[in-house]
Every structure is written in structure tokens, then in C-alpha cells.
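# Descriptive structure summary
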Amino acid sequence: MSDSSLHNTVYTDDAQFGDYFALLKPRVMSLVVFTAFVGLLAAPVAVHPFVAAVCILFIALGGGASGALNMWYDADIDRIMKRTRKRPIPAGKITEGEAKSLGIALSGFSVIMLGLASNFVAAGLLAFTIFFYVVIYTMWLKRWTPQNIVIGGAAGAFPPMIGWAAATGGVSVESVLMFALIFMWTPPHFWALALFMRNDYDDAKVPMLTVTHGRRSTRKHIFVYTVLLAVLAMAAGFTSLGGLVYIVTAVVLNVMFLIGAWRILNRNEDDSEQDNFAVERKFFRLSLAYLFLHFGAILLEAGLDRFGMGTWL
Amino acid sequence: MAMNFRPEHELHKRRFSRNMGLGLVLVCFVCLVFGLTIVKVTNGNVAGAIAGQTE
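These numbers come from a predicted model, not from an experiment.

## Concerning unusual backbone geometry
All names here are of chain A.
- Positive phi, normally seen in glycine, also occurs at K25, with a value near 50 degrees.
- Looking at the element boundaries, K25 is found in the loop between α2 (17–23) and α3 (26–42).
- Unusually for a residue other than glycine, N276 sits at a positive phi of about 55 degrees.
- With respect to the helices, strands and loops of the structure, N276 is situated in the loop between α14 (269–274) and α15 (278–306).
- A residue is classified by how much of its surface remains accessible, and N276, at 48% relative accessible area, is partly exposed.

## Observations concerning the state of the cysteines
- A complete count under the given rule lists 0 disulfides over all chains for this structure.
- The thiol of C55 of chain A is not disulfide-bonded; the next cysteine sulfur, from C28 of chain B, is found 17 Å away.
- Counting only cysteine sulfurs, C31 of chain B is the nearest neighbor of C28 of chain B, a cysteine outside any disulfide, at a range of 6.3 Å.

## Some details on helix α4 (residues 49–73) of chain A
- Taking 1.5 Å as the rise per residue, α4 of chain A with 25 residues should run 36 Å; its terminal C-alpha atoms sit 36 Å apart, in good agreement.
- Burial runs high along α4 of chain A: 18 of the 25 residues are buried.

## Describing the interface of chain A and chain B
- Between chain A and chain B, the residue contacts involve 17 residues of the former and 16 residues of the latter.
- In terms of surface lost to chain B, no three residues of chain A exceed D14, F17 and F50 of chain A, which account for 40% of the buried area on that side.
- Summed over the shared surface of chain A and chain B, the result is 0 salt bridges.
- The tally of links from chain A across to chain B stands at 4 residue pairs in polar contact (both at pLDDT 80 or more).
- Within the side of chain A that touches chain B, the residues separate by chemical class into 12 nonpolar, 3 polar and 2 charged.

About the cut-offs
Residues numbered from 1 in each chain as written. Chains lettered and ligands numbered in written order. Predicted model: local features only at pLDDT ≥ 70, side-chain atom pairs only at ≥ 80, totals over all residues. Heavy atoms only, no water. Helix = DSSP H or I, 4+ residues; strand = E, 2+ residues; numbered from the N terminus. Buried < 20%, exposed > 50% of the residue type's maximum accessible area, 1.4 Å probe, protein only. Disulfide = S-S within 2.5 Å. Expected span 1.5 Å × (residues − 1). Contact = heavy atoms within 4.5 Å. Buried area = accessible area lost by both parts, 1.4 Å probe. Salt bridge = Lys/Arg side-chain N within 4 Å of Asp/Glu carboxyl O. Polar contact = N/O pair within 3.5 Å; in protein donor to acceptor, adjacent residues only side chain to side chain. Nonpolar A, V, L, I, M, F, W, Y, C, P; charged D, E, K, R; others polar.

That is the geometry; function is a separate question.
Below you can see the structure in the form of C-alpha cells.
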């Protein structure tokens, strides 16, 4: 087999700066930045604003590096899926080797810089996150088990824990609960997406739960994880993260999320096909707001606390 | 003898945005390390450090 037959991509244009930036998955990075920022500010130890900004930057860069490594390894399936076809490698802007080199370089760089800016507990957690996302999720679980989303979700759940560690130098119940919140949120979020973007994952032969265990089972899984998520979200309200604002936010959002999951559970495929998965799409959109508002409430509580206006009873 | 400057190669035009972006990133990195050093050394109290105060 000749080398040219391995890749059907023709590199015609020179990559621009924006193409390299796109390798870092800026949209995912924005979630990393936000949750790490909340973790850092919710910690009981005040950090100099400049140091805090630098820490967030390197946590984001570490997340971006793992994104680049993910794009390197998954280039073959990215070419197949509609959603990922325009990424820099399948689009022919950047070679797989370049993405791999950039990812490795930025991984090392971001871990060392975070260690120097804050401490080596935070740096160690960042290194583990990159390893987990690239090796455990991308290389091992993603193409092997339909539970890929569940275990892989851990990688996306680490940033608030890293932010917390950057401030305190350790791990605590609060940081573990912030981790658990994202960890439990990831499966219902992605499985809802898989319900209405099914062809993409089928074509790429990624073993999504919808394909391996069927769509009925996926609906059940969404509901179970949503119940577990609600328990964890409420539990966080009874730690130093919580307060009146958080509790009210969590109650409203979790009731809405549970109703959404219940409706998904009680639908059949004909209903969904008929309205083009309106309920599933709505649930997916709600899941985005769910995470953003929970972490927003934690941030608000931390801010109120700093000004001596903590709302906890 | 008249100086004979070579016209800008087409490659430089094509890679302008990439080179400019990388240049800016490097400048930002230098500023960031400088700022971090100031904060770490002075413990956030720049004026005090200039005045020779110690912790």
C-alpha cells in the first residue's frame, strides 16, 4: 500500500494561525476556562489576580493540547463525521504529524508553566487530565466501549479541581463535588446528542450506546444519570460551595432537567421522528444552560462570600 | 553599485498571518513571565518591594 493511499487529503493551502488555534478546540476550551475559573475563585485561599489569570491560561492551554492530540489520533473518523469534517486535519490545512507535535509540546509546556505559576499538585492534575483524555479516552475507550462517554467525561470534569488545587495546593470534598457534577452531567448531555445525531456516530463506527444497546436503553441511561446528577448537584449546595442562590438555582434546574429526562424516557422512536427529536434537542440545549448556571451560581456564592455577604444560612 | 533587494518571496506572504501570530504569542509569553516574576518576587506588593520592604 503506497503512502498516498493512506490519506486521501491533499495539502494545498498553508495553514494560518487560526487553523492551529482551531486544533486546540476553542469551544471546549471555553468550558475549561470557565469551570477552572470557578474552581479557583470558589477555593477558600485568595490568589493574586495575575497569578490566577496565568493559571487559567495554562489550564486552558493544557486542555487545548489534549484537543490537538485528540484530533491527531481521531483524524480518520473526523474525516467521516459531518460534525468534524471541517476540522483542520480533515480539511487538509494541517498534517497529522504537525498536530501531534503541537499537542505534545503544548502539553509539556502547560504542565511545567502551571507548576511554576501555582504548585505541582495542580500541575500533576493537569498532566493526569491530558493523559486521561488522550490515552484512556481517545486511544483506548472511545472506539472500544459504549461507556466511552461516561469514563471519558472525567477528563472534562478535572478543570475546576485543577483550579481549586492551584489555589489551595490540594483536593477537598468541594473540588471532588465540582468534578462529580461535570462527570455525571456529561453522559446525559452526549447521549441526548447521540439520539438526534445518530448517523454521524454510526458512520464512524464509534460504539455509542445508541448503537450497541439500542435507543430505548439509551433513554433509560439518560434518566438514571440525570437522577444521580440531581443528587450530586443538591449535595454540593450543602458544602462551602453552596448558599441560597446556589440552592434555588439547583432546585429549579434539576427539576427542569429531570422533567426533560422523564419525557425522553417516555418517548418512542416514532414520536421522536415525527417532531425531528424536538424533546431531545431541547434537553441538549438545557444541558448546556444547566452546567453554565450551576457553575455561575457557585461563582456568585464565592463572590458574595468574599464581600462578606455569604448567603448560606 | 546599486543595491539589489530581492522581492518578497511568495512564501512569506502566504505565511504572514502564521508568523505574525506566533510572534505575538512569543511577545505575550515574555510579558507573562515578566509579570509572574514581579508578582512572585514582590508578593503582589510592587511599591513596597521598590521601597525595600521585606515580608
